[in-house]
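Reading the structure
Here's the letter readout for the chains.
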Amino acid sequence: MSDQKFSISELIKSESFNRWVYGRTDAQENEYWDQWLKKSEENRSRALKAQQYLTRFSINPSSRPDAAKSWKKIENSIGGYSITNRKLPSEAHYTYDFIMRMAATLLVVILLGVAALDVNVEAEQNQETLVQNFVEKEVATTYGERKIVNLSDGSVITLNADSELTYRVNESEPSDVNLQLNGEAYFSVTSRTDTEYSFNVNTTAGSVRVMGTSFVVSTRKGHTEVALEEGSVAINITNRSNDIFIEPGQLAVFNTDSDQVDIQEVNLDVYTSWTTHMLVFDQTPLDQVIHRLEHTFGVKAEVQNNEYYERRISGSIENTSLEVIVSALSQTMDIDIQLEGDAIYFD
């Protein structure tokens with residue numbers, strides 16, 4: 001019976017599969033989905049996509065947003081799945097064979113490293129533990145790539161190029177979110193009250209605790225930067241016992257070698273503009289401009305004249321074409337800049 005093929009839509013509508021996803025199946029259903037998953041890679045792929053739909057997790061390629069800075073507009077343009085008010089057909093719509101042919105999905109997916117759900121757990125085990133184990137995910141981007149991650153509590157993350165994000169969410173408590181970031185990401189976090197779980201972004205240098213806000217975190221250049229757009233965040237440094245709070249419009253810089261935090265007022269567009277496919281510079285040192293290009297496009301820069309590092313760049317440009325950016329820099333700095341393969345030469 002486990003030879004039957006199911007479409008993603010059929011899996012989503014199946015009450016038996018829904019019970020499987022949320023850890024409510026009995027031993028007989030567990031055995032069925034276990035065998036069904038083992039049958040083929042196609043079964044495992046469809047089961048994973050159906051699970052992502054039902055648990056409201058999705059990773060979408062970023063689309064070109066409006067120039068307006070309102071993150072809500074970006075979020076609305078992305079869209080996403082929701083299971084609110086979804087009515088599933090009753091099991092009376094399925095034959096016994098149909099239901100029994102739907103019982104093994106996530107175990108094999110998990111064994112392959114896609115998730116960590118133990119489908120052989122006893123039925124009386126806590127459902128929260130099941131789901132918490134299930135929704136640990138890793139997302140990575142290559143050069144020139146961005147990804148949008150929609151969390152089940154309504155928070156949205158834009159992961160910049162050349163970055164990695166690991167996050168684990170307890171679906172029974174959607175606001176309980178912990179992430180590990182290596183690279184750069186923009187966070188739009190759903191508001192929380194003091195009695196709710198906080199949203200935590202962890203880096204090698206410390207952590208950022210959020211109660212609802214929009215901000216950018218970057219772990220480039222050997223330290224962590226936090227640029228706050230709105231709301232409030234508390235920064236906890238590895239070598240420091242007390243939290244440090246910053247205000248909107250401020251940038252906090254810290255690292256693992258010190259218990260000090262450098263806080264300064266900044267032009268936030270410099271740190272958030274990449275989310276709107278733009279690069280904004282405001283008296284930005286050349287080395288920072290180069291660093292941005294290297295991590296966005298995977299190129300290396302060679303500067304022949306060290307005096308160029310004293311230059312500061314101001315202006316904005318679309319960051320969809322490296323060739324256009326190099327040409328604009330050449331005109332702005334009034335020097336010869338050449339792009340050859342994966343190298344930029346400042347002559």
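Residues numbered from 1 in each chain as written. Predicted model: local features only at pLDDT ≥ 70, side-chain atom pairs only at ≥ 80, totals over all residues. Heavy atoms only, no water.

**Here's the deal with unusual backbone geometry**
Positive phi, normally seen in glycine, also occurs at His-277, with a value near 60 degrees. A positive phi angle is found at Asp-334, which is not glycine, with a value near 55 degrees. Among the secondary structure elements, Asp-334 is positioned in the loop between α11 (322-333) and β17 (337-340). Owing to a relative accessible area of 68%, Asp-334 belongs among the exposed residues under this scheme. (Helix = DSSP H or I, 4+ residues; strand = E, 2+ residues; numbered from the N terminus. Buried < 20%, exposed > 50% of the residue type's maximum accessible area, 1.4 Å probe, protein only.)

**A short note on the side chain of Thr-213**
Locating Thr-213 in the fold gives a position in strand β9 (residues 206-218). Relative accessible area serves as the criterion here: at 2%, Thr-213 is assigned to the buried category. Not counting the four nearest positions on each side in its chain, Thr-213 is found in contact with Phe-187, Ser-188, Val-189, Leu-228, Glu-230, Gly-231, Ser-232 and Val-233. (Contact = heavy atoms within 4.5 Å.)

**Description of the packing of aromatic side chains**
Aromatic ring pairs are defined here through the distance separating the ring centres and the angle between the ring planes. Going through the model one piece at a time under the given rule, you end up with six aromatic pairs. Both rings, one in Phe-187 and one in Phe-215, keep their centres 5.0 Å apart while their planes meet at 15 degrees; by these two values the pair is stacked. Remark: Phe-215 occurs in strand β9 and Phe-187 occurs in strand β7 (residues 184-189); sequence separation between them is 28 residues. Site record: aromatic cluster; members linked through ring pairs are Phe-6, Phe-17, Tyr-32, Trp-33 and Trp-36. (Phe/Tyr/Trp six-rings, centres within 6.5 Å; stacked < 30°, edge-to-face > 60°.)

**Some words on the environment of Lys-221**
Structurally, Lys-221 can be placed in the loop between β9 and β10 (224-237). Here the alpha-carbon distance between Lys-221 and Asn-255, two residues 34 residues apart in the chain, equals 10.0 Å. If near-sequence neighbours (up to four positions away) are discounted, Lys-221 is found in contact with Gln-288 and His-291.

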